[in-house]
Amino acid sequence: MFIQKKLIETVGTSTSKALFFSLGAATLSSQAFAVGISDAKFIELGGSLSNDQATVRKVYDHLNQISREQRFDAVGRIIAGGALCTATWLGNEGDKAVILTAAHCVLGDNKDQESVYTGQNVSFRTGDGRLIASGTATTHFIGYTGCHSDIAIVKAPLLTSPINAQGGAVPQPVIADAPDFNQYVGKPMTLAGYGIQGTPSLGTVSSGRAYGLGHISRDVGGCLRNPANTEEAWAFGAPGDSGSATWQWREGQFVGVGVTSWWAGWNGRQSGHGRVAPYQAWMKKTYPEINTVTRTRTLTEDENVILNDVEARVNGTVYYLAGNNVSGPTSGKWVYPRGFSALSVAMVNQTTGQTHHIKLRAQRQTWCGWGEINNGVYCSPDATKGGLKVWFDANDNTAAPAGLYQGDFSLTAKGWHDHSYSADIALKANILVGSHSTLEGTVTASSAATTIRYDSTVNGSVYYLPEGNVQSDASGRVWSGQFNTWSSLQVPVVNKTTKESATIVLRASRYVGCGWSVMNNGVYCSNGANYGQLRVSYHPEDNATLPAGDYETLFNIRARGWHSDFNKLLTFKLDVEKGAQ
């Protein structure tokens, strides 16, 4: 506990060298870390408590080899000024590499508050020694006041993207963003970092990259406690591993859940790791294209949800049943895999405001192919597949009205042989149906959509009102001589890059014959009711807080006759790309 107290007291001071493994003087402190392991595990792996260097190398060469597996391809060493820490590549943003590390590893002049600091020289290398980024960096802080907020996102000049051992591109790692963490306490946690290596009895024996397996015993105010005190949990942070991501397996995904913050010394055999999920909104704002659990489990009309090898860390096979807000299989079976399972999910059409059941398809993977999700069978050589795939097929939904469908649902993963295994898999849907429907026009970032002169098609004038889940200050019809005004529309959209929901503000105006006015104004000028066209446009200044991305949706506006019973539903498409600021 003294270690943690000391860490909090030093936050915000300029004595940053005291917080990490210093390259220049090779000084160590209780706030910078690498992977230490228990005496028992050291012996199990062939080590000797006599500190024989041959056995030390045998143990840590083995752990180094595991740390270079494909799941750790995004993990690397960050050097910030004279400090050496561990970090995780999150992806690229233009000519910058985006890197996750601990706040105490990098400089900041106001990092105990949400802030940005530019000026420190930073370099980042992946496990193969490849220099990914180097130069003057910009670092973002959430407001560092202790373990729970010991998180920083560094944007450094990009030299090259990471590649794997086969020469292919390294995929962006998956980062936790679900607020509920209770179900993950008491579960294993994986470490991979750089720095000193050792055991409680031997102290420091070596240094370098290594892998370890820990355990989340509890969540103390957003700081995950990892005591290395069992056969299954034998690794903890030690100097040099500060900033390393901590990982958990979740239904086939290797998910970053925390950032290493402190340790309790060799004899303490414990380390603390700040949870990242509570800061997911800040992380997405800082790096809009971060890859998260929710984003990978969101279904669109173009992208499937796929979870691979769910059985790899389960005893026996896994099958899937319908969960919340979905109709589908309710019991398991054991047959040769074939076909697919039909699912039906209640979703709200944001374009019309009505609820409809959208049909989806789902399959479970075995070594002899894909089949129904509730089939627990496995094929030679073993039960290590169990992947889940869920997708949308437009041919199953030809009767669904055009629009943007959104809904949350879940499937339950069940163990066929291990009856204690059960996991709820939360899924989201953002599905655009009928994007090629008959349209009044398309609104883009640079061009407005303008209708025909509807006044000229009816007896009298026409006015317009929002439809479906479009929100507007045009709540009813008006007859006004005020011109050069507009109505605001708040339109539900989907960011096609991140698959997340958002709201875009548009302007809608009706031409009255002698000027533009709010869209619900039925007035016309002395030259007669011969105009009445509707113009809908996008303006960047109305969407300053909208994250960068490519947005798309359908939305409806209803045209009504002021003097007649004219009533027509107008469908527009929104297709707006907003670049990074």
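Computed from a prediction, not measured in an experiment: that's the story for all the values here. (Residues numbered from 1 in each chain as written. Predicted model: local features only at pLDDT ≥ 70, side-chain atom pairs only at ≥ 80, totals over all residues. Heavy atoms only, no water.)

## Re the overall build of the chain
Then, number 1: When its secondary structure is counted, the chain shows six helices and 39 strands.
Then, number 2: In terms of its C-alpha atoms, the chain occupies a principal-axis envelope of roughly 100 × 65 × 40 Å.
Then, number 3: Long-range contacts, defined as pairs at least 24 residues apart, comprise 68% of the intrachain contacts of the chain with a sequence gap of at least 6.
Then, number 4: Of the roughly 23,300 Å² that the chain leaves accessible, carbon and sulfur atoms contribute 47%.
Then, number 5: Across the chain, the centroid of the 47 positively charged side chains sits 1 Å from that of the 46 negatively charged ones. (Helix = DSSP H or I, 4+ residues; strand = E, 2+ residues; numbered from the N terminus. Contact = heavy atoms within 4.5 Å. Areas by Shrake-Rupley, 256 points an atom, 1.4 Å probe, with all protein chains shown as cover. Lys, Arg positive; Asp, Glu negative; His and termini not counted. Charge placed at Lys NZ, Arg CZ, Asp CG, Glu CD.)

## Remarks on the confidence of the model for the chain
Predicted coordinates in regions of low pLDDT should not be interpreted in detail.
Then, number 1: This prediction gives the chain a mean pLDDT of 91; 94% of its residues lie at or above 70.
Then, number 2: A low-confidence stretch, residues 1–33 stays under pLDDT 50, and its non-local contacts, those more than four residues away or across chains, total 82 contacts. (pLDDT = per-residue confidence, 0-100.)

## Some details on the side chain of S461
Then, number 1: On the secondary structure map, S461 appears in the loop between β31 (449–450) and β32 (462–466).
Then, number 2: Separated by 2.6 Å, the side chain of S461 and the backbone oxygen of G522 make a polar contact.
Then, number 3: Among residues more than four places away in sequence, those in contact with S461 are D455, W479, R510, G522, Y524, A529, R560, G561, W562 and H563. (Polar contact = N/O pair within 3.5 Å; in protein donor to acceptor, adjacent residues only side chain to side chain.)

## Description of the pattern of salt bridges
Then, number 1: Tallied over the full model, the rule gives 27 salt bridges.
Then, number 2: Here D550 ties to K496 by a salt bridge, and the two come within 3.6 Å at their closest N and O atoms. Here D550, found in strand β38 (residues 549–561), pairs with K496, found in the loop between β34 (487–495) and β35 (501–511); they are 54 residues apart in sequence, far enough to count as distant.
Then, number 3: When salt bridges that share partners are traced, they join D177, K284, R295 and E500 into one network. (Salt bridge = Lys/Arg side-chain N within 4 Å of Asp/Glu carboxyl O.)

## Points about the nonpolar core
Then, number 1: Counting residues in hydrophobic clusters, the biggest one holds 71 residues, and the most contacted among them are I37, Y60, L63, I78, I99 and M283.
Then, number 2: Ranked by residues supplied to this core, first place goes to helix α3 (residues 53–67) with five residues.
Then, number 3: Those residues within four positions of I78 in sequence are excluded, and the remaining contacts are A83, L84, C85, T86, A87, I99, T101, V122, S123, F124 and V154. (Core = buried A, V, L, I, M, F, W, Y, C linked by side-chain atoms within 4.5 Å. Buried < 20%, exposed > 50% of the residue type's maximum accessible area, 1.4 Å probe, protein only.)

## Comments concerning unusual backbone geometry
Then, number 1: For the bond running from S380 to P381, omega is 15°, close enough to zero to count as cis.
Then, number 2: Checked against the element boundaries, P381 lands in the loop between β26 (369–371) and β27 (388–392).
Then, number 3: Unlike most non-glycine residues, E251 shows phi in positive territory, near 45°.
Then, number 4: Along the polypeptide, E251 turns up in the loop between β17 (245–250) and β18 (253–263).
Then, number 5: Residue class for E251 comes out buried when judged on its relative accessible area of 11%.
Then, number 6: Positive phi is not limited to glycine here, since N325 has a value of about 55°.
Then, number 7: The topology assignment puts N325 in the loop between β22 (318–322) and β23 (326–327).

## Some points on α3
Owing to its 3.6 residues per turn, the α-helix aligns residues three or four sequence positions apart on the same side.
Then, number 1: The terminal C-alpha atoms of α3, which comprises 15 residues, lie 20 Å apart, in line with the 21 Å expected from a rise of 1.5 Å per residue.
Then, number 2: Among all positions of α3, only T55, V56, V59, Y60, L63, N64, I66 and S67 are buried.
Then, number 3: For α3, the secondary structure elements touched by its buried residues are β2 (35–37), α2 (39–44), β11 (196–199), β12 (203–207) and β13 (210–215). (Expected span 1.5 Å × (residues − 1).)

## Digging into the state of the cysteines
Then, number 1: Per the stated rule, a full pass over the model turns up four disulfides.
Then, number 2: Disulfide pairing places C85 opposite C105 at an S-S distance of 2.2 Å. Of note, the bridge from C85 to C105 carries an S-S torsion of about -90° and is left-handed in sense. Linking C85 in strand β4 (residues 83–93) with C105 in the loop between β5 (96–101) and β6 (115–126), this pair joins segments that are 20 residues apart in sequence. Each member of the pair, C85 as well as C105, carries the same accessibility label: buried. (Disulfide = S-S within 2.5 Å.)

## Quick look at the packing of aromatic side chains
The description of an aromatic ring pair uses the distance of the two centres, along with the angle that the planes make with each other.
Then, number 1: Taken as a whole, this structure holds 19 aromatic pairs when the rule is applied.
Then, number 2: Geometrically, the ring pair formed by Y463 and W562 is edge-to-face, given 5.7 Å between the ring centres and 80° between the ring planes. Within this pair, whereas Y463 is found in strand β32, its partner W562 is found in the loop between β38 and β39 (567–578), the two being separated by 99 residues in sequence.
Then, number 3: Taking the ring centre of W249 as reference, the NZ or CZ of R313 above it sits at 3.6 Å.
Then, number 4: Across the ring face of W516, the terminal group of R535 is positioned such that the distance to the ring centre comes to 4.0 Å. (Phe/Tyr/Trp six-rings, centres within 6.5 Å; stacked < 30°, edge-to-face > 60°. Lys NZ or Arg CZ within 6 Å of the ring centre and 35° of its normal.)

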